[in-house]
Amino acid sequence: MPLSDWVDFAFLNVSAAAAIALDACILIIIRFRDMRDNLQTLRWAVAVGLTHALFPMIGFVGGWYLITEFSLAAPIYFVGALLLGLLIVSVIKEAVQESADEGPGGQSMATKYGPILAFWVPVLYVSIDALLSGPGKTVLLDRYPDTFAWLSFLAVGVLVGLFTLFAGAVSRYIHRRWISNNLDSPAAIALGMTIGTVCEITLFSFFLTWCLAKFAEELLKGEGSEISFLYVVAASVLVGVAITLILAKKIMSASMFKVEAAIRRPQ
């Protein structure tokens, strides 16, 4: 492939990895109270990173098989878009909800059921989006040779791991500041969570729009039916701008509430 295609391939894989990993990174950061040492931080980062690297493969491989063996590209693209749409709605609903609960596996579950469930339930809970996002990634099949699909999974897996490890390092840093009572304001953490959520929704919207475009192309199957990739990117950017204008304040407010609740709670 020419250099321009490699740049394009790298952009798409970084986008896919970021879309999958951002909510995992937010979970790791908001759980900063649990990052008592480097081993605990690595445990969280590796567990979340692995599920977010492996879960999308389930949906992608299934979609890939149905497309290549039974020529069901249109239904797979439509299902991928539908799942991504449901995922975006779920992310928005959770992002604007002002609740001190950390989802399944919060402090009450740790007290009631013990540390094992308190660890694995939130890890699996936050990994559902990675499972749902798998079929949406099948749009890569039509843009690159099949062999690049496996390279894509390797690249995305490595990137997701790096993203979650970085989030673990940030969370560990916040934990140390919290322990030493130097965590003066939650504003910076909340702002980071807000930016991450907006980016996550925008990136999922990008793959949703791409799935819809490929679905339309499969239905039309004629001269001039191909939808420009630039239109897909432009539509996704517009979605990101709209989300920022409409929801950013609500997401920031909910993020502040969650961070303040986390800071107040005893270790």
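Further up the page is the structure itself.
Anyway, here's the lowdown on the structure attached to this text.

The rules behind each value
- Residues numbered from 1 in each chain as written.
- Predicted model: local features only at pLDDT ≥ 70, side-chain atom pairs only at ≥ 80, totals over all residues.
- Heavy atoms only, no water.
- Helix = DSSP H or I, 4+ residues; strand = E, 2+ residues; numbered from the N terminus.
- Expected span 1.5 Å × (residues − 1).
- Polar contact = N/O pair within 3.5 Å; in protein donor to acceptor, adjacent residues only side chain to side chain.
- Phe/Tyr/Trp six-rings, centres within 6.5 Å; stacked < 30°, edge-to-face > 60°.
- Buried < 20%, exposed > 50% of the residue type's maximum accessible area, 1.4 Å probe, protein only.
- Contact = heavy atoms within 4.5 Å.

What to know about helix α2 (residues 38-70)
- Look at α2: 48 Å from first C-alpha to last across 33 residues, which is about the 48 Å you get at 1.5 Å a residue.
- Regarding α2, its N-cap is Asp 37, as a side-chain oxygen of that residue lies 3.1 Å from the backbone nitrogen of Leu 39 further along.
- At the exit of α2 stands Ser 71, carrying a positive phi of roughly 55°.

Re the packing of aromatic side chains
- Scanning the model with the defined rule gives ten aromatic pairs in all.
- Judged by centre distance (6.3 Å) and plane angle (65°), the rings of Phe 11 and Phe 206 are edge-to-face. Highlighted residues: Phe 11 in helix α1 (residues 3-30) and Phe 206 in helix α8 (residues 187-220), separated in sequence by 195 residues.
- Since its relative accessible area comes to 4%, Phe 206 is described here as buried.
- A ring pair is formed by Phe 78 and Phe 215, whose centres lie 5.3 Å apart and whose planes are at 45°; its orientation type is tilted. Within this pair, whereas Phe 78 is found in helix α3 (residues 73-95), its partner Phe 215 is found in helix α8, the two being separated by 137 residues in sequence.
- You can call Phe 78 partly exposed: its relative accessible area is 41%.
- Pairwise contacts between aromatic rings join Phe 11, Phe 206, Phe 207, Trp 210 and Phe 229 into one cluster.

Describing the environment of Leu 208
- Tracing the backbone shows Leu 208 in helix α8.
- Given the relative accessible area of 17%, Leu 208 is considered buried.
- Taking C-alpha positions, Leu 208 is 9.1 Å from Phe 78, a pair spaced 130 residues apart along the chain.
- Those residues within four positions of Leu 208 in sequence are excluded, and the remaining contacts are Ala 81, Leu 84, Gly 85 and Ile 88.

Side note on the side chain of His 175
- You can see His 175 is positioned in helix α7 (residues 147-179).
- Here His 175 falls in the buried class, since its relative accessible area comes to 3%.
- Within the structure, His 175 has its side chain in polar contact with the backbone oxygen of Phe 32 (distance 2.8 Å).

Any functional reading would require information beyond the geometric quantities listed.
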